[in-house]
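Spelled out, the chains give:
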Amino acid sequence: MKEWRGRAVLVGGAMGLLAVWELSVKIFGIPLYVLPAPTDVAAAFGTEWETLAGHGAVTTLEALAGIGISFILALALGILMDWFPAVKKGVYPLLVVTQTVPMLVLAPIFIIYMGFGIGPKILTVVLMCFFPVAVSFSDGLGRVDEEYVHLVRSCGAGKWSAYRLVKIPAALPSLLSGLKVAATYSISGAVVGEWIGAQEGLGYYLLRVKNGYMLDKVFACVAVIIGLSLCMNGAVRLLGRLWLPYERKHKPYRRYSGGMDNEASGRM
C-alpha cells in the first residue's frame, strides 16, 4: 500500500504541475516561441512522432554501443585495478581527471579526428559511462571479505578462479549500481555528440528545431530523451533481476508463518 500510495502521489504531483503549466500559458497568453503549453507539446509529438522515432533509433543505437563498450572496458579495468593495487593507484586519478573536462569541449576534438560519423558519438558515450561503471565495480571488488577468498584458495582454486567464484559474483550489486547511472547518462552522451556535429539523431533534431524557435518540438524531443533514458535505466534494473534473483523483493515470512501455524494447530 505504501508503494502504491507513493506512486499515486508522484503521478498526482506531475499532473498538478502540468495543469498549472497549461493554465499559466493560457491565462498569461505566453507565445509559443517563449513557452509552449503541454497540449502544444503533445500536438507536436503527434505530428512529429515518425521523425522523432527515426532519430531516436539512431541515438539509442549509439547509446547501446557506447554503454556496451564501457561495460567491457570497466570489467577488464576493474579486475586489473583490484588484481594489481599499483595499477589502481596510477589509473584511478586519471579516471577522475577525465570527468573534470566538460564533454562539450572534448566532442569537437573527437569530430576533428574522427569525422562526422557514428564514431565520435559512441566515444562520447563511452567517456560519460565508463567512469561510474569502472569505479563502482572496482569498489565492489575491494569490499569483498578476503576470508571467502582464502577459503576457496585453500580448496585449491587459483587466483582467477577466486575472482570467478567469489569476487565477481559478490561485486555484481555494485556493478549494477554503476550500470544504472551509466545507462541514464548514455542517451545524454549520445545527444551531446550529435549536438556538436551530426546529420541524424535526437541531438541533430533538437539543434535544428531550436534554431527555428519551434519550442513545442524542442520540448517534445526533450520528452523523448527523458523517456529513452528511463527505458535504459529500466533495462538495467531488469537485467539486475535476472542476474541477482536473490535480491528480488519477497513477501515477509510472517505472512506465511501465520498460515502455517494455523494449519498446524488445526491438525493438532
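Up top you'll find the structure we're talking about.
The rules behind these values
- Residues numbered from 1 in each chain as written.
- Predicted model: local features only at pLDDT ≥ 70, side-chain atom pairs only at ≥ 80, totals over all residues.
- Heavy atoms only, no water.
- Salt bridge = Lys/Arg side-chain N within 4 Å of Asp/Glu carboxyl O.
- Helix = DSSP H or I, 4+ residues; strand = E, 2+ residues; numbered from the N terminus.
- Axes fitted to C-alpha atoms, helices over the stretch in contact; angles between N-to-C directions.
- Left-handed = near helix turned anticlockwise from the far one by under 90°.
- Contact = heavy atoms within 4.5 Å.

(A) Spatial organisation of the pattern of salt bridges. On inspection of all chains with the given rule, the structure shows four salt bridges. In this structure, Lys217 and Glu48 form a salt bridge, with 3.5 Å as the shortest nitrogen-oxygen distance. Placement of the pair is Lys217 in helix α9 (residues 215-243) and Glu48 in helix α2 (residues 38-83), with a sequence separation of 169 residues. Residues Glu146 and Lys167 are paired through a salt bridge, measuring 3.4 Å at the closest nitrogen-oxygen approach. Of the two residues, Glu146 sits in helix α6 (residues 146-154) while Lys167 sits in helix α7 (residues 159-196), which places them 21 residues apart along the sequence. Here the salt bridges share partners, and the residues they tie into one network are Asp82, Glu146 and Lys167.

(B) Fine view of the packing of helix α4 (residues 103-114) against helix α5 (residues 119-142). At their nearest, the axes of α4 and α5 sit 9 Å apart, and the two run at 145° to each other. Taken as a pair, α4 and α5 cross one another with a handedness that is right-handed. Residues Met103, Leu106, Ala107, Phe110, Ile111 and Met114 of α4 pack against Gly119, Pro120, Leu123, Thr124, Leu127 and Met128 of α5.

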